[in-house]
Amino acid sequence: MYPTASLSISELLSGPYLLNIPIFQRPYSWGREQAEQLLDDLMEAAGLGFEGVPNRDYFLGAVVLMDAPDVQTTKLSPRMAQREFGVIDGQQRLVTLMTLLAVLRDLEVAQRTSIVKRVQSMLLAQQGSRFRRTERFRLHLAGRERAVFENNILRPGNSVLPPDVLPISHAEATLIDVRDRFRAVLAEMPRSARKDLADFIADRCYVVVIVGTDIDRSHQMFVVLNERGKKLQRDDILKSDILSRMTTGDVGWAARMWDDMSLAMGEDFEPFFGHLRTIFGYGRLPIVTGVRRVIRDAGGSEAFFKDVFVPYAKAYALVRNDGEGVLPGDMQRLLRYLNRLPDADWAPAAILALKQWKRDPGRAAFLLAEIERLAMLTRMLCAGSGKRTRRFAELIKVIRSEELIDETHPVLQMSRDEVRSIAFHLRDLHKRNPKVCRLLLMRLSDEMGDTATVVDPDLYTIEHVLPQRPSASSAWRQSVPSAEGRAELVDCLGNLVLITQQENDRARNASWAEKKDIYGTMSVGKAPLLAVTRDVLGERDWRRPEIEAREQRLIDLIEKIWRIDIKSQRPAARNVVPVEDQKKPMPPAA
């Protein structure tokens, strides 16, 4: 049986209810959009909107609180002993409402008005007897955003002042953003309207309060009721699962470590748990279910947190940060190449390889090089994500087993059919996968220039030196007269360079001499001239022999970098060269 009561906001923020956000809860995550929607709804319900007719009351949903396990509460009453309750569901609404009330209080010019007194009595709780009275804020947040909430919102007068600290976390920045948005909107309202809104929120806005004493059952209600709120991220659910089952001595440290990792990884934090599930062989299960299996296998929440979460999260942070400032230069370079790729099917294997790189740096460096090799070869193979994931799952099994592994290990080999397919796809990789083709050219350019390029790949586009669609009067139709010959050459690696979109627009169907001038002007600015483009500038002509010779040079480089014999699997020659395409002088530029 759960004690339940319908309480107005003023009743909830008074009397026996001292509210704390449990440390395992997610941080404040409502953004400006949700906060503005709540304010719009409240103003409309209070009769301050378009229709101007106030509602009799307004329902704000359910709030789930957790009482102490040894308290036998059968009925909620304002006469209950004052005590602390954990907020299991309702944090986002309560924090937003209290921020709104604080701004309404601080927009008052006089400090002894009814709005100021009333709001302050809701935001600040009185504790103790008449002669030994103390105060505390009605709601305590759990994370590092607590100080921002109290010092910049709850303290009288502070919600309309500039923040006293530069927000660090997303939750801190969101709190300040919501506060400032409320201030901008409410400052435009007449004082009488602000008073009506404050009274409406306090007296005629209601929540259904449900109190439990068991964390598991309270959390179950939270998950069910949260369907109406901001959708939980998978990491929010897992945080609640893990920290709520840890001992008091460890939970504070664990919560701080969790928040630090979340802050360091940002948007990469939730995908981390998908990678973790894959590392431990549960890749086919939904992420939350899979990680719960990992927790079970580790021996429970505390063992999982110390032995799995912390070391693997640190390894993942290394992966996503390219190992900057920590790993040797060659390993940083490999991670930079991997992080350029559009999908992260390689990431679980990389996390596993780097988890104990200090213990065996040689093995970690070898594995990372092989992971990058497989990631690129499977993309040149044009394998789908499912096939790539299965390929890396086999490698993960070998890494976890800690068996000896070298270049001859079966898990690292490409079959003859796979090599043949790679050779075939490289003939027109740009048509099959333009993004992979661009990244391949970037990688080759790094090798040709002897230094790793640190520029953003998105600054560059692929340019076809021999144009894809030369005009009828173009000199290119004279240098490669047959349509069949042009179609065969135009998308091959030998005909592709990397330049900016602006230069690409200029080059298009320009003559060879004009194109060389355009390419050569790229040596300044954020997008320098790459070695893979500079490679063609020394050619006097650009016809079939030059294109095929350059293609062969690039294929040789691919074979050297990724240890693969492509030439033995390629057709002996391309189609028979049409007589009209055989070498003759390039026509002069028009």
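As the structure is a prediction and not an experimental result, all values here were calculated from the model.

### Description of helix α13 (residues 301-320)
Argument step 1. The largest bend in α13 amounts to roughly 30° and is located at F309, with the proline P311 lying one to four residues further along.
Argument step 2. Two residues or fewer after α13 comes D322, characterised by a positive phi angle close to 60°.

### What about the pairing of strand β8 (residues 205-212)?
Argument step 1. Most of β8 is tucked away, with six of its eight residues classed as buried.
Argument step 2. Here strand β1 (residues 4-8) runs beside β8; their pairing, made up of five bridges, is antiparallel. Residue pairing in the sheet places T4 in a bridge with I210 of β8.
Argument step 3. As judged from the seven bridges shared by strand β3 (residues 58-66) and β8, these two strands associate in the parallel manner. Across the sheet, F59 pairs through a bridge with Y206, a residue of β8.

### Some points on the pattern of salt bridges
Argument step 1. The tally for this structure, following the rule as stated, stands at 43 salt bridges.
Argument step 2. The partner of R391 in a salt bridge is E418, and the shortest N-O contact between them spans 3.2 Å. Here E418 lies in helix α18 (residues 416-425) and R391 lies in helix α17 (residues 385-401), a separation of 27 residues in the sequence.
Argument step 3. Judged by relative accessible area, R391 falls into the buried class, the value being 17%.
Argument step 4. According to the relative accessible area criterion, E418 is buried, its value standing at 13%.

### Concerning the confidence of the model for the chain
Argument step 1. Looking at the chain, pLDDT values average 87 and 90% of them are 70 or higher.
Argument step 2. Contacts of residues 227-231 to residues separated by more than four positions or lying in other chains number six contacts, the stretch itself having pLDDT below 50.

### Comments concerning the layout of surface pockets
Argument step 1. The calculated volume of the largest pocket comes to roughly 780 Å³.
Argument step 2. Lining the largest pocket are 33 residues, and of these P27, H170, D235, D236 and S262 lie nearest its centre.
Argument step 3. Secondary structure elements with two or more residues in the lining of the largest pocket: α6 (170-186), α9 (234-243), α10 (248-265) and α11 (269-279).

### Observations concerning the sheet that holds β3
Argument step 1. Read from one edge of the open sheet, six strands run β1-β8-β3-β4-β2-β7, paired in mixed fashion. The outermost strands of the open sheet, each flanked by one partner alone, are β1 and β7 (139-140).
Argument step 2. With respect to the sheet, helix α3 (residues 91-106) is in contact with β2 (17-20), β3, β4 (83-89) and β7, its orientation differing from that of β3 by roughly 120°.

### Details of α11
Argument step 1. Among the 11 residues of α11, nine are classified as buried, and the element is accordingly described as predominantly covered.
Argument step 2. If you check which residues of α11 are buried, you get F269, E270, F272, F273, G274, H275, L276, R277 and I279.
Argument step 3. Looking at the residues trailing α11, positive phi occurs at G281, about 85°.

### Let's talk about the environment of T213
Argument step 1. As for its position among the elements, T213 is in the loop between β8 and α8 (215-225).
Argument step 2. For T213 and M66, which are 147 residues apart along the polypeptide, the C-alpha to C-alpha distance reads 5.3 Å.

### Some remarks on the packing of aromatic side chains
Argument step 1. Taken as a whole and judged by the stated rule, the model has 15 aromatic pairs.
Argument step 2. Considering the side-chain rings of W258 and F273, the 5.5 Å spacing of their centres and the 25° angle between planes classify their relative orientation as stacked. Note that W258 is positioned in helix α10 and F273 in helix α11, a separation of 15 residues in sequence.
Argument step 3. Residue W258 is classed as buried on the basis of its relative accessible area, which comes to 2%.
Argument step 4. Through successive ring pairs, a cluster of aromatic residues spans W253, W258, F269, F272, F273, F305, F309 and Y316.

### Quick look at the nonpolar core
Argument step 1. Core analysis: the biggest nonpolar cluster contains 103 residues, and F309 and I558 have the highest contact counts within it.
Argument step 2. If one sorts the elements of this core by residue count, α13 sits on top with 11 residues.
Argument step 3. If we ignore the near neighbours within four places in the chain, the residues touching F309 are W258, M261, F269, F272, F273 and F304.
Argument step 4. Among the nonpolar cores identified, the runner-up in size contains 60 residues, and L39, V87, L101 and L175 belong to it.

### Considering empty space enclosed by the protein
Argument step 1. The full count for this structure, using the stated rule, is one cavity of 30 Å³ or more.
Argument step 2. Computed from the structure, the largest cavity encloses a volume of approximately 40 Å³.
Argument step 3. For the largest cavity, the full set of lining residues is Y337, R340, L341, M376, L439 and R443.
Argument step 4. Secondary-structure elements contributing two or more residues to the lining of the largest cavity are α14 (329-340) and α20 (434-449).
Argument step 5. Across the lining of the largest cavity, the residue classes tally to four nonpolar, no polar and two charged.

### What to know about the packing of α9 against α13
Argument step 1. Where α9 meets α13, the closest approach of the two axes is 8 Å, and the angle between their N-to-C directions is 120°. Every residue of α13 that contacts α9 at D241, I242 and L243 is listed here: S301, F304 and F305.
Argument step 2. Considering only residue class, the contact of α9 with α13 consists of four nonpolar, one polar and one charged.

### Overview of the environment of F280
Argument step 1. Relative to the elements of secondary structure, F280 occurs in the loop between α11 and α12 (287-298).
Argument step 2. C-alpha of F280 to C-alpha of V291: the two residues are 11 residues apart in sequence and 8.8 Å apart in space.
Argument step 3. Sequence-distant contacts of F280, that is, excluding residues within four places in its chain, are made with V294, V308, Y312 and R400.

### Topic: the state of the cysteines
A disulfide bridge is the covalent bond that connects two cysteines by way of their sulfur atoms.
Argument step 1. Applying the stated criterion across every chain, the model contains zero disulfides.
Argument step 2. With no disulfide partner, C382 has as its closest neighbouring cysteine sulfur the one in C437, 10.0 Å distant.
Argument step 3. Residue class for C382 comes out partly exposed when judged on its relative accessible area of 34%.
Argument step 4. C492 carries a free sulfur, and the closest cysteine sulfur to it, the one in C437, is 10 Å from it.
Argument step 5. Among the residues examined, C492 registers a relative accessible area of 1% and is labelled buried.

Basis of the calculations
- The numbers attached to residues start from 1 for each chain and follow its sequence in the written order.
- Per-residue local features are limited, in this predicted model, to residues with pLDDT of at least 70; the limit for side-chain atom pairs, both in listing and counting, is 80 or more; totals at the level of whole chains, interfaces and linings are taken over all residues.
- As a convention, hydrogens and water are excluded, and side-chain values are obtained from all of the structure's heavy atoms.
- At any given residue, the bend is defined as the angle formed between two axes, one fitted to the seven residues that end at that position and one fitted to the seven that begin there.
- Helical segments are the DSSP runs of H or I of at least four residues, strand segments are the runs of E of at least two, and each set is numbered from the N terminus.
- Relative accessibility thresholds used throughout: buried, under 20% of the residue-type maximum; exposed, over 50%; partly exposed, between the two (1.4 Å probe, protein chains only).
- Strands were regarded as paired on the criterion that DSSP finds at least two bridges between them.
- One side-chain nitrogen of Lys or Arg within 4 Å of one carboxyl oxygen of Asp or Glu is enough to make a salt bridge.
- Values of pLDDT, which run from 0 to 100, indicate the predictor's confidence residue by residue.
- It only takes one pair of heavy atoms within 4.5 Å for two residues to be counted as in contact.
- Buried and open spaces are told apart on a 1 Å grid over the protein atoms alone, a cavity being a set of points where a 1.4 Å probe fits but cannot get out and a pocket being an open set with protein on both sides within 12 Å along at least five of seven lines. Residues with an atom within 4 Å of a point are the lining residues.
- Grid points are joined across faces, edges and corners, and a volume is the space filled by probe spheres set on the points.
- Angles run from 0 to 180 degrees between N-to-C directions of axes, and those axes are lines fitted to C-alpha atoms, restricted for helices to the stretch in contact.
- Centres within 6.5 Å are what make two rings of Phe, Tyr or Trp a pair, Trp counting through its six-membered ring; a difference in plane orientation under 30 degrees is then read as stacked, over 60 as edge-to-face, and the rest as tilted.
- Throughout this description, the term nonpolar core refers to a set of buried Ala, Val, Leu, Ile, Met, Phe, Trp, Tyr and Cys residues connected via side-chain atoms within 4.5 Å.
- Nonpolar residues are Ala, Val, Leu, Ile, Met, Phe, Trp, Tyr, Cys and Pro. Charged residues are Asp, Glu, Lys and Arg, and all others, Gly as well, are polar.
- A pair of sulfur atoms, both from cysteines and within 2.5 Å, is called a disulfide here.

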